[in-house]
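One-letter residues, chain by chain:
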Amino acid sequence: MAKIKLSDISTTAPKKLDKDVIKANTRELIAELDELQNLLYAQHQHSVLVVLQGMDASGKDGVVRNVLGQMNPLGVRVQPFKAPTEEEMDHDFLWRIHRHVPGKGMIHVFNRSHYEDVLVQRVHKWVDEKTIQKRMHAINDFEKLLTEHNNTHILKFYLHISPETQAQRLQERTEDPTKMWKYNANDLEEAKLWKQYRKAYEDVFEQCNNIPWTIVPADHNWYKEYVVAKTLKDTLKGLKMKYPALKQK
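Residues numbered from 1 in each chain as written. Predicted model: local features only at pLDDT ≥ 70, side-chain atom pairs only at ≥ 80, totals over all residues. Heavy atoms only, no water.

Some details on empty space enclosed by the protein
Next up, step 1: Across all of its chains, the model carries one cavity of 30 Å³ or more by this definition.
Next up, step 2: Of the pockets and cavities examined, the largest cavity occupies roughly 30 Å³.
Next up, step 3: What lines the largest cavity is simply Leu170, Arg173, Tyr183, Asn184, Asp187 and Leu188.
Next up, step 4: Secondary structure elements with two or more residues in the lining of the largest cavity: α7 (163–175) and α8 (185–191).
Next up, step 5: Class assignment of the residues belonging to the lining of the largest cavity gives a composition of three nonpolar, one polar and two charged. (1 Å grid on protein atoms, 1.4 Å probe; cavity = no way out; pocket = protein on both sides within 12 Å on 5 of 7 lines; lining within 4 Å. Points joined across faces, edges and corners; volume = space filled by probe spheres on them. Helix = DSSP H or I, 4+ residues; strand = E, 2+ residues; numbered from the N terminus. Nonpolar A, V, L, I, M, F, W, Y, C, P; charged D, E, K, R; others polar.)

Below is the structure:
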């Protein structure tokens, strides 16, 4: 796989696309996803793990609400990952992750994920480079385990926004009463480390790509949600699932 250089990839939707048309297509995709998710749950042979990564304000919550949140909650679980607790720190870094992976018939969404342990901790130099490399190898083995031993289909999305869009969205959190609950002063400090995070992400894309990443232009929410919905729909459709028939006596 060619090395991904984020500076060469646009953060905006292709100019030729019509916003209203894409939003209509997304509504159709979400309706189809609802049926496919029901089929996944009923057949009980596959599971899906959706990994959402991106800088603060890249729109991970919006994807969860507007795409994944439209399906039957019986078959979808969302797990956010914050800073590890003291108990979690007493175990290997994947311990807190593994217990949240999907069982057969389920779609699980990681809002941030196991990749935080080779991104945040690397940027802040909380662990050394030798440990980071070991963790990347462990992540590859972990994802292989899930795919080969539990028929889990892993979709990894990086929501790619520009520094300007991030700054605008963070500013909105200080002005819009409906968004103030999202405000975290630490987000502004993390934004100052943009170049370091970008380099760390590009290294992740290169070294943890046995399951490929989808780089999603995320400056426009309507396009971001379309890309995620279509990728998930295509994955589920490709499983060629069927509803179980009555068992013959």
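What follows picks up the thread again.
Quick notes on the packing of helix α6 (residues 129–150) against helix α9 (residues 194–207)
The relative placement of two packed helices is expressed as an angle between their axes plus a distance between the axes.
Next up, step 1: Remark: α6 packs on α9, axes separated minimally by 11 Å, with the N-to-C direction vectors making an angle of 45°. Classified by the interaxial angle, the pair formed by α6 and α9 is oblique. For the pair α6 and α9, the crossing hand works out as right-handed. For the pair formed by α6 and α9, the contact residues are Gln133, Met136 and Asn140 on the first element and Asp203, Val204 and Gln207 on the second.
Next up, step 2: Counted by class, the contact of α6 with α9 contains two nonpolar, three polar and one charged residues. (Axes fitted to C-alpha atoms, helices over the stretch in contact; angles between N-to-C directions. Parallel < 35°, antiparallel > 145°, perpendicular 65-115°, else oblique. Left-handed = near helix turned anticlockwise from the far one by under 90°. Contact = heavy atoms within 4.5 Å.)

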